[in-house]
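Report on the structure
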Amino acid sequence: KAGVTQTPRYLIKTRGQQVTLSCSPISGHRSVSWYQQTPGQGLQFLFEYFSETQRNKGNFPGRFSGRQFSNSRSEMNVSTLELGDSALYLCASSLPPAEAFFGQGTRLTVV
Amino acid sequence: QKEVEQDPGPLSVPEGAIVSLNCTYSNSAFQYFMWYRQYSRKGPELLMYTYSSGNKEDGRFTAQVDKSSKYISLFIRDSQPSDSATYLCAMSFGGNTPLVFGKGTRLSVIA
């Protein structure tokens, strides 16, 4: 069974640009969550989608947004990039009630 | 006070040692407890998943949850150099709520 697939693996963007990251969950999983991982803050929850609806949202500014498609694939978008947005962005697909399986992540560097 | 506290280490042990990794938490409403292993430049990999208090064993790994003390542990028996990684504890309230992570403990097993 294929795992969670995230693309691209690495990105370098300039301050002020926007970026879109993609996640394909494990087949049959309908819940997709996004997390940001930094050395200082660890893993922090961004948002979760289930059946194309945002079900939970973390404490991040509105520049961070996401969506989910009918095939459960998800994208997250960060607009007006700041240096502090440099991080590993992780996508997880979940089985109820709490098991979450992570992808390899997208390493975003903002310069 | 952070919701989930985890000693960042680094923890260095000789091959074959028993490793004990721990997390404390402040919110008694957490119901699900997980341990993830993360190798450098990879996404977190789910190792163990426990509901409420008690022990769970899987091969060389044993997870313990003591809800009365708000304390969880992961024991690794007969540690191997391939166990060298960062270990993250995570917990949730269940009901599709997001995971709350500790910051991880970096473990090195020396051959």
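This one's a predicted model, so the numbers in the text were calculated from it and none came from an experiment.

Topic: the packing of aromatic side chains
Scanning the model with the defined rule gives 13 aromatic pairs over all chains in all. With a centroid separation of 4.9 Å and an interplanar angle of 45°, the aromatic rings of Tyr-32 of chain B and Tyr-51 of chain B are classed as tilted. On the criterion of sequence distance, the pair formed by Tyr-32 of chain B in strand E4 (residues 32-38) and Tyr-51 of chain B in strand E5 (residues 45-51) is long-range, its members being 19 residues apart. An aromatic cluster is present here, built from Tyr-35, Phe-45 and Phe-102 of chain A together with Tyr-36 and Phe-101 of chain B joined pairwise through their rings. A cation over an aromatic ring shows up here: Arg-55 of chain A above the ring of Phe-50 of chain A, its NZ or CZ 4.2 Å from the ring centre.

Describing empty space enclosed by the protein
Evaluated as defined, the whole model comprises 1 cavity of 30 Å³ or more. Considered as a void within the structure, the largest cavity measures approximately 40 Å³ in volume. For the largest cavity, the full set of lining residues is Arg-9, Tyr-10, Leu-88, Gln-104, Gly-105 and Arg-107 of chain A together with Arg-41 of chain B. Residue classes in the lining of the largest cavity are distributed as 2 nonpolar, 2 polar and 3 charged.

As for the layout of surface pockets
Looking at the largest pocket, its volume works out to about 590 Å³. Surrounding the largest pocket, 24 residues form its lining, Gln-37 and Pro-39 of chain A together with Gln-38, Thr-86 and Lys-103 of chain B being those nearest its centre. Of the residues contributing to the lining of the largest pocket, the split by class is 8 nonpolar, 11 polar and 5 charged. Put simply, the second largest pocket is a space of about 470 Å³. If you trace the second largest pocket, you find 21 residues lining it, with Gln-41, Leu-43 and Gln-44 of chain A together with Val-100 and Phe-101 of chain B closest to the centre. Going through the elements one at a time, strand E5 (42-50) of chain A together with strand E1 (4-6) and strand E10 (100-101) of chain B are the ones with two or more residues in the lining of the second largest pocket. The biggest single contributor to the lining of the second largest pocket is E5 of chain A, with 4 residues.

Some points on the nonpolar core
Val-4, Trp-35, Ile-72, Leu-74, Ile-76 and Tyr-87 of chain B are the most contacted members of the largest nonpolar core, which totals 25 residues. Taken together, the elements giving at least two residues each to this core come down to strand E3 (19-25), E4, E5, strand E7 (61-66), strand E8 (71-76), strand E9 (85-92) and strand E11 (105-110) of chain B. The contact partners of Ile-76 of chain B, leaving out residues within four places of it in the chain, are Ala-17, Ile-18, Val-19, Leu-21, Arg-60, Phe-61, Asp-83, Tyr-87 and Leu-107 of chain B. In this structure, Val-19, Cys-23, Val-32 and Phe-64 of chain A belong to the second largest nonpolar core, which totals 21 residues.

Analysis parameters
- Residues numbered from 1 in each chain as written.
- Chains lettered and ligands numbered in written order.
- Predicted model: local features only at pLDDT ≥ 70, side-chain atom pairs only at ≥ 80, totals over all residues.
- Heavy atoms only, no water.
- Phe/Tyr/Trp six-rings, centres within 6.5 Å; stacked < 30°, edge-to-face > 60°.
- Helix = DSSP H or I, 4+ residues; strand = E, 2+ residues; numbered from the N terminus.
- Lys NZ or Arg CZ within 6 Å of the ring centre and 35° of its normal.
- 1 Å grid on protein atoms, 1.4 Å probe; cavity = no way out; pocket = protein on both sides within 12 Å on 5 of 7 lines; lining within 4 Å.
- Points joined across faces, edges and corners; volume = space filled by probe spheres on them.
- Nonpolar A, V, L, I, M, F, W, Y, C, P; charged D, E, K, R; others polar.
- Core = buried A, V, L, I, M, F, W, Y, C linked by side-chain atoms within 4.5 Å.
- Buried < 20%, exposed > 50% of the residue type's maximum accessible area, 1.4 Å probe, protein only.
- Contact = heavy atoms within 4.5 Å.

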